[in-house]
Every structure is written in structure tokens, then in C-alpha cells.
Amino acid sequence: MKVGVTGLNRERFLNLCRNHNLNIWKLRKKEGQCTFYIQVCDFRKLKDIRRKSSCRVKILEKHGTPFFINKYCKRVMFFGGIILFFLITYQMSLYVWNISLEGNYSYTEDIILEKLAENGIKHGIYKSKIVGSEIERLIRNSYPDITWVSTELKGTRLIIHIKENFDRTIPETEEKPYNILSGKQGVITNIITRTGTPLVKAGDEVEADTVLVSGVIEIYGDDGAVAATEYVPADADIYGRIVYPYSDEFSMNYAAKEYTGKSKNAFSTGVADSWINVMGLPVRYENFDMITETHQAHLFDNFYLPLYFVSYKYNEYIIENRKYSENEAKELANVNLERFLKELVEKGIQIIQNDVKIEINDKKCIAFGNIIVEERLGEIQYITDEMKSSDNNEEGNQDEDERD
């Protein structure tokens, strides 16, 4: 603590402090008094020294743990609140309150989260119950186009990293023997076989269920006869020219939204699955658009809490019946076509020719035609025991015919 000493015998006061081995520091002299710092245990010994020197001692400042405890000992609720806050924070840290996905394009976040929720992986699950390998296996088995999944726990967040197979390549980890089917009707443009027996060549027309590369390898002996049969997972790069029929039509009459300029805001808050409407609801507009923004509370980047704040904005509109002009209809038809072509390109499909035509009459706008593309082909057909038995019977019949 810091004390101040006043009186005519301040020098004697300090000498007596020294004779009694009292520890004082930061001694200063100003404006008719001496100030210094002293420990609480030594301050209690100043009573006799003060009387002998006829000086007055005044406490100027109090520092240290004893004074802090004494000051706040009556504020039990304050410290209780701090302790309760840390206990609740620790309890919340044991759960997952935010599940986010990275790298998903073909499948929306809502679809994947719904699949996870069906299997018990949802907000509020204990982190100790999260098994990354099981989540990865569930997603890969549920969505064949997803070839790689990785999970990561950070704070109260579960982050799922995803990679999708846009080229529709055949997994390299398959161990069971299988054939490669075309999957679509078209013309083979290029085929490079690494494993298996190719049954088609460039320029061949194939149906949707045509076997392109067989997983059956026949080993011939010196006499030219089949000596053994080996079953392997077929592996090949196969590309074909495919014709996509395109058709799109819409009415020339349509209902247009005309916004009135009136809007209303509303707010709600929620803890976990319980929601409370704070203000602004209900909205009594007959026709309106609703814009929703949801914010989840979090202490740090990866420490999310089950507390949500939602804002709603309602924009009123009236419906007017209108009709497209010829130019507007063509523009809309071209926008729809471009969207379709863009989806093909994003899947790694090369567009070779576009033969789509647009016809407009008084009632409808119709776009129709063919889109010729080149894309990678290949679907797996596992070789079953029945198929192996059938092959063996055919080989036996061929041997009998040769002997005859």
C-alpha cells in the first residue's frame, strides 16, 4: 500500500522505521509530507512509531490481493456469474454446434446435412461421438460422384472437405472384377485400354448397355485354344460422341411481379431448435418476397454457440399479367440454353455442335434440337459368379463343337 506521513518529525519517523527493520520503498518528499510504499504486515507496526514521532500516517492507495478480495468479497453474484460463464462455455465446447461443407458443387449443403442428420450427425452431437471414418464412408456410399471426403474438428465446428468426380472416372480402388459398359448410346471416338479386353474400337456405334471393355482375359495355349480365364477389374479411357436431345418451352404469357415499394422488417432469435419471434410478425401482405439472414453467435472463428439471430425483410408486390415480345422470348430461350450448356461444360463435357432452333408463335416459345458432345464413357458392371459360370459353359460348348 502507499501511505503519506505528515508532521515536524518526519526524519525521526523514518529513522525509527529503519531501526525496526521495516521495509519501505519508493520514498518521496513533496508538499510537506513523505510518501512511500509498505507491506500490510509492516503497516500494522507503525502505531508505536507514529506515537513516538508525533506524526500522522494516512493511507493513500491500496494494492494487492488482500485488498482486492476484501473489496469484492460482498459481490458474490459477480464472481458467481464469472464462474458460471466459464462452466457453461466449457460445457458448450463438448458439442458440435456448426457443421460446414467445403468443395461440394453438385450436391447442395442442405441435401448432405439432411443425410447426415438421418444418421445422427447433426448440431448438438457430442464431439466424442464423431467418428470421421464413418462420416467419410457414409457420404461416399450415399453419393457416388463424391470420390474423396475428409473431416476436421475445430472448436465446436465440424468441417467436411469434399472432392467430386466431374469426369465420372472409375475408382482405382475397386478389387472385384468388372466390365466397363458404355452407359449411353453414341459413337466411340477414342479408347485406350490398360486392363481387360477391349470389345470396341474408334468409330463403332454402341448402345447404352454395350460392354466396351471386358474384365475377362482369355489366356491361349500353344494350340490356339483357351487354356485359362482370368477375371480382372477393367480399366480404360474411353471417349464417345453423344447426342443430347434438347427441348424447352414456355408460355408467351406470364405473371410479372410489380413491387409496391412497401417493406417490413422482422426479427427472431433462437437457442438450438427453440425460436422466439422478437418483433415484426406477422406480416399481412397478400403477396411478398421474403429475404432471410441467419447469424450464429460465436466467440472465436471456430467456437460457435447454439444461439441464432434471424432477420426477415418482406417486400410487397402485386401480380400483373404480361406477354413476352419476340425478342424477349428469344433472349429468355437463349439464357435457358446457355445455362444447360454451362452445366455440361462444368461436368467436363466438350460441346462439339449445337443444332438447337427456336420457334415462336402467339402462345408459346419452343426451343428444340440436338447438342452433340464428346464425353468420357464408362459404367461399372461387376462380374458375378453366375456370369462366370455362363462363360465356362460357353467355353465347354465351344470345345465340344471343335471336337465334333
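Residues numbered from 1 in each chain as written. Predicted model: local features only at pLDDT ≥ 70, side-chain atom pairs only at ≥ 80, totals over all residues. Heavy atoms only, no water.

**Section: the sheet that holds strand β10 (residues 178–181)**
- The antiparallel open sheet is built from four strands, whose spatial order is β12-β14-β10-β25. For this open sheet the edge positions go to β12 (197–198) and β25 (379–382), each flanked by a neighbour on one side alone.
- In this structure, β12 lies alongside strand β14 (residues 211–214), joined through two bridges in antiparallel fashion. Within the sheet, the bridge partner assigned to P198 lies in β14 and is V213. (Pairing = 2+ DSSP bridges. Helix = DSSP H or I, 4+ residues; strand = E, 2+ residues; numbered from the N terminus.)

**Quick notes on the confidence of the model for the protein chain**
- Taken residue by residue, the protein chain gives an average pLDDT of 85. The fraction at 70 or more is 89%.
- Per-element confidence in the protein chain is highest for strand β24 (residues 364–376), whose mean pLDDT is 95, and lowest for helix α9 (residues 385–403), whose mean pLDDT is 59. (pLDDT = per-residue confidence, 0-100.)

**Quick word on the side chain of R157**
- Relative to the helices and strands, R157 is located in strand β9 (residues 157–164).
- The buried charged residue R157 lacks any salt bridge, with E102 as its nearest oppositely charged partner at 5.1 Å.
- Of the polar contacts made by the side chain of R157, one reaches the side chain of N98; its length is 3.4 Å.
- Those residues within four positions of R157 in sequence are excluded, and the remaining contacts are N98, S100, E152, D301, N302 and Y304. (Buried < 20%, exposed > 50% of the residue type's maximum accessible area, 1.4 Å probe, protein only. Lys, Arg positive; Asp, Glu negative; His and termini not counted. Salt bridge = Lys/Arg side-chain N within 4 Å of Asp/Glu carboxyl O. Polar contact = N/O pair within 3.5 Å; in protein donor to acceptor, adjacent residues only side chain to side chain. Contact = heavy atoms within 4.5 Å.)

**Some thoughts on helix α6 (residues 109–118)**
- Among the residues making up α6, those that are buried are I112, L113 and L116. Down the axis of α6, the smallest arc covering the buried residues is 100°, so these residues share one side. Across α6 from its buried face, at more than 90 degrees, point the exposed residues D110, E114 and E118.
- Those residues of α6 that are buried lie in contact with β6 (98–102), α7 (132–142), β8 (146–154) and β9.
- Taken from the residues just after α6, G120 is the one with a positive phi, measuring 85°. (Arc of directions from axis to C-beta.)

**Quick notes on unusual backbone geometry**
- Unusually for a residue other than glycine, N21 sits at a positive phi of about 60°.
- Here N21 shows up in the loop between α1 (10–19) and β2 (24–30).
- The exposure class assigned to N21 is exposed, which follows from its relative accessible area of 69%.
- At K26, a residue that is not glycine, the phi angle is positive and equals roughly 55°.
- Its location among the elements puts K26 in strand β2.

**Topic: the nonpolar core**
- Among the nonpolar cores identified, the biggest contains 23 residues, and I180, I188, L212, V213, I238, I371 and V373 are the most heavily contacted of them.
- Contributions of two or more residues to this core are made by β10, β11 (186–195), β14, β17 (235–251), α8 (326–346) and β24.
- Considering each element in turn, this core owes the most residues, five residues, to β17.
- Discounting chain neighbours no more than four positions away, the residues touching V373 are G240, R241, I242, Y244, L344, I349, Q350, I351 and I352. (Core = buried A, V, L, I, M, F, W, Y, C linked by side-chain atoms within 4.5 Å.)

**Some words on the side chain of R10**
- Relative to the assigned elements, R10 resides in helix α1.
- Comment: no salt bridge for buried R10; closest opposite-charge side chain is E11, at 5.3 Å.
- Reaching out from R10, the side chain makes a polar contact with the backbone oxygen of G7 at a distance of 2.8 Å.
- Other than its neighbours up to four places away in sequence, R10 contacts V5, K29, G32, Q33, C34 and C55.

**Notes on a nonpolar patch on the surface**
- On the surface, a nonpolar cluster with roughly 640 Å² of combined accessible area is contributed by F78, I82, F85, F86, L299 and F300.
- Those elements giving two or more residues to the nonpolar patch turn out to be α5 (76–92) and β20 (288–300).
- The element that contributes the greatest number of residues to the nonpolar patch is α5, accounting for four residues. (Patch = residues over 30% accessible without salt bridge, like charges linked within 9 Å, V, L, I, M, F, W, Y side chains within 5 Å. Areas by Shrake-Rupley, 256 points an atom, 1.4 Å probe, with all protein chains shown as cover.)

**Considerations on the sheet that holds β2**
- Across the sheet, which stays open at both edges, the four strands sit in the order β2-β3-β1-β4 with antiparallel pairing between neighbours. Two strands lie at the open edges of the sheet, namely β2 and β4 (56–61), each paired on one side alone. On average, each strand axis in the sheet is inclined to that of its neighbour by 25°, with strand direction left out of account.
- Contacts from α1 reach β1 (2–6), β2, β3 (33–38) and β4 within the one sheet, and its direction differs from that of β3 by about 20°. (Axes fitted to C-alpha atoms, helices over the stretch in contact; angles between N-to-C directions.)

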